[in-house]
Amino acid sequence: WADPLSLDLIESLVTDTENGSLLFIGCYRDNEVDEGHPLATKLRSIEKRQVQITNIYVGDLNKEDTNELIADLIQSPPNLTQSLSNAVYLKTSGNVLYILQFLSSIYAEGYLRFSLETKQWQWDTLMINSKNIATNAMELSSHKILRLPKQTQNALKLIACLGYCCEEFVIYSMTAGNDTGNIGCVDLIASLEIAVAEGLIGHMGSCYKFAHDQIQLAAYSLIPKKHRACVHLWIGNQVWANKSASPEKALFIAVGQLNKGAEAMKDEHERIELAGLNLLAAQKSKSLAAFLPAAFYLNTGISLLDKTSWVDQYNLSLQLFSACAEAEFCTGHFDEMNKKLQEVFSNARCLDDELYAFFTLTSSLMAQGKSYEASEAGLLVLSQLGEAFPRHSDMKSIIVVEFAKVKSLCEGKTNGEILALKAMDDGHKIAAMRLMYFLAHSSFLGCHDMYALIVLRMVQTSMNHGICDESAFGFCALGIVMGCMFKDTDGGRRFGQLALHFLKIKETNKCFSGVITVVYTYLHPNYHHYRESLEPLEKAYESGMINGDVAMAMSAAAQICFHEFQCGEELAKVETTTTKYMKLMMAHKQENFCKFLLPYSQAIRNLMGYSDDPENLIGELMDQEELLKEVLKSKHMRVAAVIYYIRSWLAYMFGNYEIASKMMKERQAISLFAVPPSLSCAFIFTEGLISFAMSHEFGEEKWSVLAYKSVEEFKIFALHAPSNCEQKLLLLQAESAFLEGEYYTAALRYDDAINTASKNGFIQDHAIACERAGIFHSRQGNISKAFDYVSQAHNAYFKWGAKCKADHLNLQYQNQLSNVQKMENQFN
């Protein structure tokens, strides 16, 4: 079956609104797909997105079709083949596979033959009718295989052990050496070519493939059950002994075969060797971000150990259990992870041997929303590593003191001098840095003061004891602390660039994902276009998944979705991206990140027209009140702030300014630490527009004060990153001039905002600016000009993919359109 990512790819292809010329055809056996099957679930999801699906039931052939098929196969008129097709139909009931196999069978037995004298096909109906037929496709295939030469039978049995297909290098590995006599097939390649001629397998390129999965199962069934383990064991040993042609592929094939043959192993040493090979296969799988196979190999390796393995094979046991705990964490199987961690903590001989398990424990606690428990566990271990942290009520004062220490250590040193520091060589300090890396992420969402202290300690440790992989993260995270706590964005920018330079001089870095995510979420967008962050964040996601840094990978994924949304990417594309990453988040039990994306995803669906209530976050994905209640209870205030922000923005977009203002107040009541600049801009911009709208509606001074304040705040953003914020500032200034009665200036500013939004590539800002310009000119009595701007807004919304908003705009201004048409008719 197709894997989940392939099914996601199919969904993205068939639901792409810009691709109107694609016909996708797929087939499956309906008796193998129930309502809960992933394919059935995916088909329902596709249908909900208004994609037409035509189901064609392909059943068995009727008598007429069977006759037509046979007549076509033997190139004879249908009226002459009726007696043959009747006999074949009686035996096969019209099953196409049975028909083809049965025809092949009666041809081989001489009941169907071509007469050279009459130049026609002839058949013996009586003998055909007397012939027994298998009750299923596998039995039918078995009978055909058994009619082949013995060596060909044995060849098919061998490659059936390898699955549906087999590469040539594996066959050559099996035939290497002098051991081929044991398999009953002296010339494996020649024997397989006979099976190719019989149509049982195909030979394409360097690969042999069974013509049908039932044929593979039939060949495998011919091996007596009691001998199967020995055959798998022999294949695995042969492939591994002759692995030089393709070592990486040989590893997985050999381990798979040896695992199936493990029950035939009589030597304990062999089982230990196989456990080690499973560890190698798991490490390779992990490097490919394939955590499910990695967990399988590790669990298999563990099952090969005996009860005294922690004594007799301590290092191997420690590696298997520690790595398995991490793999189970990465796949979201926390119960299994805890069992493996308990084994490590119960049997590890010293703190150093427990450290890897502690890294997994802290990461898993954070993934489960247990930030406090993660911090407590991590801080306890850090104290044992010589890095104790203070627990005082006056944490702010301690942060100021620790920041002064960092400034003193870095003062007068260039980036080059810092990067030239010696490599950290104290094992406990390296372990402490690794643990602080994990704790920084968990404390960021919980205790901001502890986050600052951890980051400052990471920098101090690097400056005093040398640099390691985690130093790069310490430097870029220091940039956040400097910008948010000490209002030094330029200083923060410097340390972000230092971290990026650090990555360039290090060929491998376990913290690549964390560094890139922090820099391109919190520091780079202060000065550069949001789009410049997309590619680095995608690399951060990939690196995090490969290195098992799942939390950072998902953090990067969340930012990819948010940046695509803020950039004004076509909404269908953003929805596809968001859906893909949300599924991955759920699969890896990273639910907090999924909750962060839910409001955006629902808002996108609302704008695209997939909700009956576009102003509210209620639909297939979420219910705003339920999610809000959940996140407030668990104190996930970032998600709560995003819910209020999105609700205020939707209400504003659909003209419900009072609801928008209420949601705005709720959002402003939440105090957040280190809000990404892209989100800060979104907050201030939206709340500025709402304040101007409320001031127009009600004329209350409090709204004008808030509106003018947003303009002043936005000037700072636009000064540093005009490519992101200039059009937004111009629109706020246009609204300000409109409110103040400076109509000439307002008209100019609206046009400037429209043109700048187009120049910077923000189609949603272009649409909003056009709509607001239309409202402005409408209130000035210039209905014709207002309609021109509204038409531009409609087109921009539609191009963005916000069909629901475009329709809302049409409905809202259809009266004005009618009046304009009447005026034009009178003029004509």
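Because the structure is predicted, anything quoted here is derived from the model rather than measured. (Residues numbered from 1 in each chain as written. Predicted model: local features only at pLDDT ≥ 70, side-chain atom pairs only at ≥ 80, totals over all residues. Heavy atoms only, no water.)

**Student:** Outline the overall build of the protein, supporting the account with residue identities and numerical values.
**Tutor:** In terms of regular secondary structure, the protein is built from 42 helices and five strands. Taking the principal axes of its C-alpha atoms as reference, the protein extends roughly 105 × 90 × 45 Å. Within the protein, buried positions represent 53% of all 828 residues. Considering only intrachain contacts with a sequence separation of at least 6, the fraction spanning at least 24 residues in the protein is 66%. With the model as given, the accessible surface of the protein reaches about 38,000 Å², and the carbon-plus-sulfur share is 53%. Within the protein, the 94 negative side-chain charges are centred at a point lying 2 Å from the centre of the 74 positive side-chain charges. (Helix = DSSP H or I, 4+ residues; strand = E, 2+ residues; numbered from the N terminus. Buried < 20%, exposed > 50% of the residue type's maximum accessible area, 1.4 Å probe, protein only. Contact = heavy atoms within 4.5 Å. Areas by Shrake-Rupley, 256 points an atom, 1.4 Å probe, with all protein chains shown as cover. Lys, Arg positive; Asp, Glu negative; His and termini not counted. Charge placed at Lys NZ, Arg CZ, Asp CG, Glu CD.)

**Student:** Tell me what's going on with the nonpolar core, and back it up with residues and numbers.
**Tutor:** Counting residues in each nonpolar core, the largest one holds 220 residues, and the members touching the most others are Phe 473, Tyr 541 and Tyr 797. By residue number, the principal contributor to this core is helix H33 (residues 637-653), which donates 13 residues. Discounting chain neighbours no more than four positions away, the residues touching Tyr 541 are Ala 553, Met 554, Ala 556, Ala 557, Ile 560, Tyr 581 and Leu 584. In terms of nonpolar packing, the next biggest core, distinct from the first, is built from 30 residues, Cys 161, Phe 210, Ala 218 and Ala 254 among them. (Core = buried A, V, L, I, M, F, W, Y, C linked by side-chain atoms within 4.5 Å.)

**Student:** Any chance you could break down helix H15 (residues 291-303) for me, citing the residues and the numbers?
**Tutor:** In a regular helix each residue adds 1.5 Å, so 13 residues correspond to 18 Å; H15 covers 18 Å between its end C-alpha atoms and thus fits that length. Here H15 has its buried residues at Phe 291, Ala 294, Ala 295, Tyr 297, Leu 298, Thr 300, Gly 301 and Ile 302. (Expected span 1.5 Å × (residues − 1).)

**Student:** Let's hear about a negative patch on the surface: which residues, and what values?
**Tutor:** A grouping of Asp 267, Glu 268, Glu 273, Asp 306 and Asp 312 is seen on the molecular surface, where their side chains present a negatively charged patch. With respect to the element layout, Asp 312 can be found in helix H16 (residues 309-312). (Patch = residues over 30% accessible without salt bridge, like charges linked within 9 Å, V, L, I, M, F, W, Y side chains within 5 Å. Salt bridge = Lys/Arg side-chain N within 4 Å of Asp/Glu carboxyl O.)

**Student:** Any chance you could break down the pairing of strand S1 (residues 112-115) for me, citing the residues and the numbers?
**Tutor:** Note: S1 against strand S2 (residues 120-123), four bridges, orientation antiparallel. The residue of S2 that forms the bridge with Leu 112 is Trp 123. From the end of S1 to the start of S2, which pair antiparallel, there are four residues, and Lys 119 there has a positive phi angle of about 60°. (Pairing = 2+ DSSP bridges.)

**Student:** Could you give me a rundown of the sheet that holds strand S5 (residues 207-210), with the residues and numbers involved?
**Tutor:** Here we have three strands laid out as an open sheet, ordered S3-S5-S4, and antiparallel in their pairing. Every interior strand has two partners, whereas the edge strands, strand S3 (165-167) and strand S4 (201-204), have only one. Here the strands of the sheet are splayed against their neighbours by 20° on average, with no regard to which way each runs. Contacting S3, S4 and S5, helix H8 (residues 150-160) crosses the sheet at an angle of about 95° to S5. (Axes fitted to C-alpha atoms, helices over the stretch in contact; angles between N-to-C directions.)

**Student:** I'd like a rundown of the packing of aromatic side chains, residues and numbers included.
**Tutor:** Summed over the entire model, instances satisfying the criterion amount to 33 aromatic pairs. Between Tyr 541 and Tyr 581, the ring centres sit 5.1 Å apart and the planes meet at 75°, which makes this aromatic pair edge-to-face. With Tyr 541 in helix H28 (residues 534-546) and Tyr 581 in helix H30 (residues 571-587), the pair connects residues that are 40 residues apart, well separated along the chain. Residue classification places Tyr 541 among the buried positions, given a relative accessible area of 12%. Centre to centre, the rings of Tyr 652 and Tyr 657 are 5.5 Å apart; their planes meet at 40°, and the pair counts as tilted. Neither residue differs from the other here; Tyr 652 and Tyr 657 are each classed as buried. Ring pairing ties together the aromatic residues Phe 562, Phe 565, Phe 596, Tyr 600, Trp 649 and Trp 800, which thus form one cluster. Of note, Arg 493 hangs over the ring of Tyr 527, and the distance from its end group to the ring centre comes to 3.9 Å. (Phe/Tyr/Trp six-rings, centres within 6.5 Å; stacked < 30°, edge-to-face > 60°. Lys NZ or Arg CZ within 6 Å of the ring centre and 35° of its normal.)

**Student:** Residues and numbers for the pattern of salt bridges, please.
**Tutor:** This model, assessed by the stated rule, comprises 31 salt bridges. For the salt bridge of Glu 167 with Lys 249, the shortest nitrogen-to-oxygen distance reads 3.3 Å. Of this pair, Glu 167 sits in strand S3 while Lys 249 is found in helix H13 (residues 247-260), placing the two residues 82 residues apart along the sequence. On the accessibility criterion, Lys 249 (41% relative accessible area) is partly exposed. Linked by salt bridges that have partners in common, Glu 11, Lys 42 and Lys 583 make up one network.

**Student:** Can you tell me about the side chain of Asn 760, naming the residues and giving the values?
**Tutor:** Inspection of the secondary structure assignment puts Asn 760 in helix H38 (residues 743-760). Within the structure, the side chain of Asn 760 is placed 3.5 Å from the backbone oxygen of Ser 723, a separation counted as a polar contact. Once residues lying within four places of it in the same chain are set aside, the contact partners of Asn 760 are His 529, Arg 531, Pro 722, Ser 723, Glu 726 and Gln 727. (Polar contact = N/O pair within 3.5 Å; in protein donor to acceptor, adjacent residues only side chain to side chain.)

**Student:** So, the pairing of S5: which residues are in play, and what are the values?
**Tutor:** The pairing of S3 with S5 spans three bridges and is classified as antiparallel. What sits directly across from Cys 165, in S5, is Lys 209. Here S4 pairs with S5 via four bridges, running antiparallel. Of the residues in S5, the one forming a bridge with His 203 is Tyr 208. Between S4 and S5, which follow one another and run antiparallel, lie two residues, and Gly 205 among them has a positive phi close to 65°.

**Student:** Give a detailed account of empty space enclosed by the protein, specifying residues and quantitative values.
**Tutor:** The tally for this structure, following the rule as stated, stands at three cavities of 30 Å³ or more. Taken as a whole, the largest cavity spans an internal volume of roughly 150 Å³. Lining the largest cavity are 15 residues, and of these Gln 566, Tyr 645, Trp 649, Gln 764 and Asp 765 lie nearest its centre. Among the elements of the structure, helix H29 (550-567), H33, helix H35 (677-698) and helix H39 (763-779) are those that each provide at least two residues to the lining of the largest cavity. (1 Å grid on protein atoms, 1.4 Å probe; cavity = no way out; pocket = protein on both sides within 12 Å on 5 of 7 lines; lining within 4 Å. Points joined across faces, edges and corners; volume = space filled by probe spheres on them.)

**Student:** Please give an account of unusual backbone geometry that cites residues and values.
**Tutor:** Although it is not a glycine, Ser 93 adopts a positive phi angle of roughly 55°. Relative to the elements of secondary structure, Ser 93 occurs in the loop between helix H4 (82-92) and helix H5 (96-108). By relative accessible area, Ser 93 is classed as partly exposed at 45%. The backbone of Lys 635 shows a phi angle near 60°, a positive value even though the residue is not glycine. Checked against the element boundaries, Lys 635 lands in the loop between helix H32 (624-633) and H33.

**Student:** Which residues make up a nonpolar patch on the surface, and what values go with them?
**Tutor:** On the surface, Leu 9, Leu 13, Leu 22 and Phe 24 cluster together into a nonpolar patch covering about 360 Å² of accessible area. Within the secondary structure, Leu 22 is located in the loop between helix H1 (4-14) and helix H2 (38-48).

**Student:** Lay out the packing of helix H34 (residues 657-668) against H35 with the relevant residues and their values.
**Tutor:** In contact at an axis separation of 10 Å, H34 and H35 are set at 135° when each is read in the N-to-C sense. Taken together, the axes of H34 and H35 are oblique relative to one another. Between H34 and H35 lies a crossing of left-handed hand. Here Tyr 657, Glu 658, Ala 660, Ser 661, Met 664, Arg 667 and Gln 668 of H34 come into contact with H35, specifically with Phe 683, Glu 687, Ile 690, Ser 691, Ala 693, Met 694, Glu 697 and Phe 698. (Parallel < 35°, antiparallel > 145°, perpendicular 65-115°, else oblique. Left-handed = near helix turned anticlockwise from the far one by under 90°.)

**Student:** A description of the environment of Val 14 should follow, citing residues and the corresponding values.
**Tutor:** Structurally, Val 14 can be placed in helix H1. Taking relative accessible area as the criterion, Val 14 reaches 22% and is therefore assigned partly exposed. In the structure, Val 14 is positioned ten residues away from Phe 24 in sequence and 7.2 Å away in space, judged by C-alpha atoms.

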